[in-house]
Amino acid sequence: MSGKTVPIGCVVIFLIAIIVPIEGDAAGDDAARYDHYRLYRVELATDEQVQLFQQLEAKSDSCTFYGHARQPGQQLTIMVSASKVADFEDLLTLHGVNGRLLERNMQQLIDREAATVKPITTEPTELGWEHYYQLETIYAWMESLASRYPEHVTTLDIGQSYEGRPIKGVKLSRRPDNKAIVVEGGIHAREWISPATATFLLHELITSEDPAVQEIGTAYDWYFFPIVNPDGYRFTFTGDRLWRKNRKPYGLCRGVDLNRNFDSNWGGTGSSNDPCSYDFSGSGPFSEPESIAIANFLRANVDTARIRTYIALHSYSQLLMFPYGHTAEKVSNYDDLQSITDKAIEALTAVNGTVYRGGSKHETIYPSSGGSIDWAYQPGGIPVSLTFELRGPPDSTDMFILPAEQILPVGRETLAAFVAIVREAARLGYYDKM
Ligand SMILES: [Zn+2]
């Protein structure tokens, strides 16, 4: 081939590039793909198996861990890249590890879901709860609430993300001097059911004709922040559906786990100092603009707005939890929080039969440090601080890719839990004091 000949392959690729432009609101050619990636659920029976999986997580880029190997008796979900499936199966056999294949092709799940996502140009009036929506639509919808219900709904911007997007909230207030409840969504980008549930709950509190919902929507002020990690959420639509952290660069890798970045036992157990890890805690407590924004909002308003409850929405595992994440030590109002949690789960399960477990974060899910509800509780001074891990179950085959037809049932059962939380916290006097 002479030096002047243009290879035909290049011409073809060039033409394809012209006729198939990458849309701004869709995952482009360079988005992460998970073709034939498999999802496994393993059960670690012995100390030797725990150590083996700790080494595997440290050494292998091909295995994505959802949680860390810690103790015998524990179950763990791991995603394995296509090229390492044979090695992984071999490892299970060689060491007698009990493993179950949950999903054969993660990309198929992602593609199926992507086909149902509404485009970025969707009008805010079209927002509903049978599809997932993009950041721009959700933000425009929040603004539209303030125009539709100007007498008791206002929007607020509490800061900017690393990439300069606003961190937007909605305040609902029907009466003066109410005690207030704050709801945090979307701190982990890939947990799409979290913002979807936050917008559902907010909409119900504004429009529901159910007397129990009207009561909590009237007798309390509500602050909703459905997407506190807007850069990450945006990136899950354009770059990587399974992205969790924010998007700030740290050397080789990007992103801090914002729910490890709060100044509550920062950098301790259940967080990582490796920027490439999914639970990287940042370069210091409150190193990230998104976590600073939430903390500053709470510091400035906890007393003046009478904030008594803070609820964070995550997925998945079907858990309702309270502080602390970093220690087994019980908080001073442990029994009250356990009672609130029990009542909430009872009410939630009554709606669709969904099974939840409840307790402190440390005893219920796994040890973690630097979380928002721990900080909101102490030093934040908010006595009823809770975290939901919404659907699916711990051995979910969908993980964060919960089918959109589950948004409404999740919303309805979570709303029942919210009513129960407020009622039980009120009965225990949390909205009387001060
Ligand atoms: Zn989460």
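Residues numbered from 1 in each chain as written. Predicted model: local features only at pLDDT ≥ 70, side-chain atom pairs only at ≥ 80, totals over all residues.

Naming follows an unreviewed UniProt entry, where the protein chain appears as Zinc carboxypeptidase A 1 of Anopheles culicifacies. For the protein chain, the Subcellular location (unreviewed entry) comment in UniProt is given as "Secreted". The protein chain has a UniProt comment under Cofactor (unreviewed entry) that states "Zn(2+)". (UniProt positions renumbered as here; feature names shortened; annotations may be inferred.)

Colleague: Looking at this structure, how should I read the overall build of the protein chain?
Modeller: Counting secondary structure elements, the protein chain contains 13 helices and 14 strands. Computed over the C-alpha atoms, the radius of gyration of the protein chain is 22 Å, within 12% of the 22 Å expected from 2.2 N^0.38 for a compact globule of 434 residues. Principal axes of the C-alpha set define a box for the protein chain whose edges measure 80 × 55 × 40 Å. When each of the 434 residues of the protein chain is scored for burial, the buried share is 45%. Partitioning the contacts of the protein chain with sequence separation of at least 6, the portion at a separation of at least 24 is 73%. (Helix = DSSP H or I, 4+ residues; strand = E, 2+ residues; numbered from the N terminus. Rg over C-alpha atoms; globule rule 2.2 N^0.38 Å. Buried ≥ 20, exposed ≤ 12 C-beta atoms within 10 Å, placed from the backbone. Contact = placed C-beta atoms within 7 Å.)

Colleague: Looking at this model, I keep getting lost on the UniProt feature "domain: Peptidase M14" (unreviewed entry) in the protein chain. Mind explaining?
Modeller: The feature "domain: Peptidase M14" (unreviewed entry), as given by UniProt, occupies residues 131-425 in the numbering adopted here. The distance from the first to the last C-alpha atom of residues 131-425 is 33 Å, and the span holds 37% helix and 19% strand.

Colleague: I keep staring at the confidence of the model for the protein chain and nothing clicks. Help me out?
Modeller: Caution applies to low-pLDDT regions: their predicted coordinates should not be interpreted in detail. When pLDDT is averaged along the protein chain, the result is 93, and 94% of the positions lie at 70 or above. The model gives residues 1-24 a pLDDT under 50, and that stretch makes four contacts with residues more than four places away or in other chains. (pLDDT = per-residue confidence, 0-100.)

Colleague: Can you walk me through the sheet that holds strand β14 (residues 384-390) in this structure?
Modeller: Each strand in a sheet pairs with its neighbour through backbone hydrogen bonds, running either in the same direction (parallel) or in the opposite one (antiparallel). Here we have eight strands laid out as an open sheet, ordered β5-β6-β8-β7-β11-β14-β12-β13, and mixed in their pairing. Every interior strand has two partners, whereas the edge strands, β5 (153-160) and β13 (357-360), have only one. Taking each pair of neighbouring strands and ignoring which way they run, the sheet shows an average axis angle of 20°. Strand direction decides the pairing type here: β5 and strand β6 (residues 166-172), joined by six bridges, are antiparallel. Within the sheet, the bridge partner assigned to Gln160 lies in β6 and is Pro166. (Pairing = 2+ DSSP bridges. Axes fitted to C-alpha atoms, helices over the stretch in contact; angles between N-to-C directions.)

Colleague: Even after reading the chapter, I still don't get the environment of Val80, so can you show me in this structure?
Modeller: Looking at where Val80 falls in the secondary structure, it is placed in strand β3 (residues 74-80). Each C-alpha atom of the pair Val80 and Ser368 lies 24 Å from the other, and the pair is 288 residues apart in sequence. When neighbours within four sequence positions are excluded, Val80 is seen to be in contact with Tyr37, Arg38, Tyr40, Ser62, Cys63, Val85 and Phe88.

Colleague: I would appreciate a short explanation of the nonpolar core in the present structure.
Modeller: Note on soluble globular proteins: their nonpolar side chains tend to be buried together. Core analysis: the biggest nonpolar cluster contains 105 residues, and Val183, Ala344 and Ile421 have the highest contact counts within it. Per element, the largest residue contribution to this core is ten residues, and it comes from helix α13 (residues 407-427). Inspection of this core shows a minimum of three residues originating in each of domain 1 (38-104) and domain 2 (120-428). (Core = buried A, V, L, I, M, F, W, Y, C linked by C-beta atoms within 7 Å. Domains from an automatic or database assignment.)

Colleague: Mind showing me how you'd approach helix α4 (residues 106-114) here?
Modeller: Residues spaced three or four apart along an α-helix face the same direction, because each turn holds 3.6 residues. Residues of α4 that are buried: Met106, Leu109 and Ile110. The buried residues of α4 occupy an angular sector of 95° when the element is viewed end-on, so they sit on one face. Buried residues along α4 sit against β1 (38-44), β3 and β4 (98-103). (Arc of directions from axis to C-beta.)

Colleague: Explain the UniProt feature "active site" (unreviewed entry) in the protein chain to me, please; I cannot follow it from the model alone.
Modeller: Per the UniProt annotation, the sites labelled "active site" (unreviewed entry) are Glu389. Counting through the fold element by element, Glu389 comes out in strand β14. Contacts of Glu389, omitting those with residues within four sequence positions, involve His314, Ser315, Tyr316, Ser317, Gln318, Leu319 and Ile365.

Colleague: Please explain the pairing of strand β7 (residues 179-185) as it appears in this structure.
Modeller: The two faces of the sheet receive side chains in turn, since in a regular strand these alternate between them. Most of β7 sits inside the fold, with seven of its seven residues counted as buried. A two-sided burial pattern is seen for β7, the buried positions comprising Lys179, Ile181, Val183 and Gly185 on one face and Ala180, Val182 and Glu184 on the other. Note that β7 and strand β8 (residues 220-225) share six bridges and pair parallel. Bridge pairing in β8 links Val183 to Phe224. Bridging between β7 and strand β11 (residues 307-315) involves six bridges; their strand directions are parallel. Bridge assignment links Val183 to a residue of β11, and that residue is Ile311.

Colleague: What should I look at first to understand the sheet that holds strand β2 (residues 63-66) in this one?
Modeller: If you trace the four strands from one edge of the open sheet to the other, you get β2-β3-β1-β4, paired in antiparallel fashion. The open sheet has two free edges, formed respectively by β2 and β4, since each of these has just one partner strand. Recorded for the sheet is a direction-independent mean angle of 30° between the axes of neighbouring strands. With seven bridges joining them, β1 and β3 adopt antiparallel strand pairing. Along β3, the bridge assignment pairs Glu43 with Gln75.

Colleague: I keep staring at the pairing of β3 and nothing clicks. Help me out?
Modeller: Bridge count between β2 and β3: four bridges; the pairing is antiparallel. Across the sheet, the residue bridging to Phe65 is Ile78, located in β3.

Colleague: I tried to follow the packing of helix α10 (residues 334-352) against α13 on my own but got confused; where do I start?
Modeller: Describing two packed helices takes the angle between their axes plus the distance from one axis to the other. Packing of α10 against α13 leaves a shortest axis separation of 8 Å and a crossing angle of 150°. Here α10 runs over α13; the crossing is right-handed. On α13, the residues touching Ser339, Ile340, Lys343, Ala344, Ala347, Leu348, Ala350, Val351 and Asn352 of α10 are Pro409, Arg412, Glu413, Thr414, Ala416, Ala417, Val419, Ala420, Ile421, Glu424 and Ala425. Residues that form the contact of α10 with α13 fall into these classes: 13 nonpolar, three polar and four charged. (Left-handed = near helix turned anticlockwise from the far one by under 90°. Nonpolar A, V, L, I, M, F, W, Y, C, P; charged D, E, K, R; others polar.)

Colleague: Would you take a moment to explain the packing of helix α7 (residues 211-219) against α13 for this structure?
Modeller: The contact between α7 and α13 brings their axes to 10 Å, and the two run at 55°. The orientation of α7 with respect to α13, classified from their angle, is oblique. Considering only the axes of α7 and α13, their crossing is left-handed. Residues Ala212, Val213 and Ile216 of α7 pack against Leu415, Phe418, Val419 and Val422 of α13. When its residues are assigned to classes, the contact of α7 with α13 shows seven nonpolar, no polar and no charged. (Parallel < 35°, antiparallel > 145°, perpendicular 65-115°, else oblique.)

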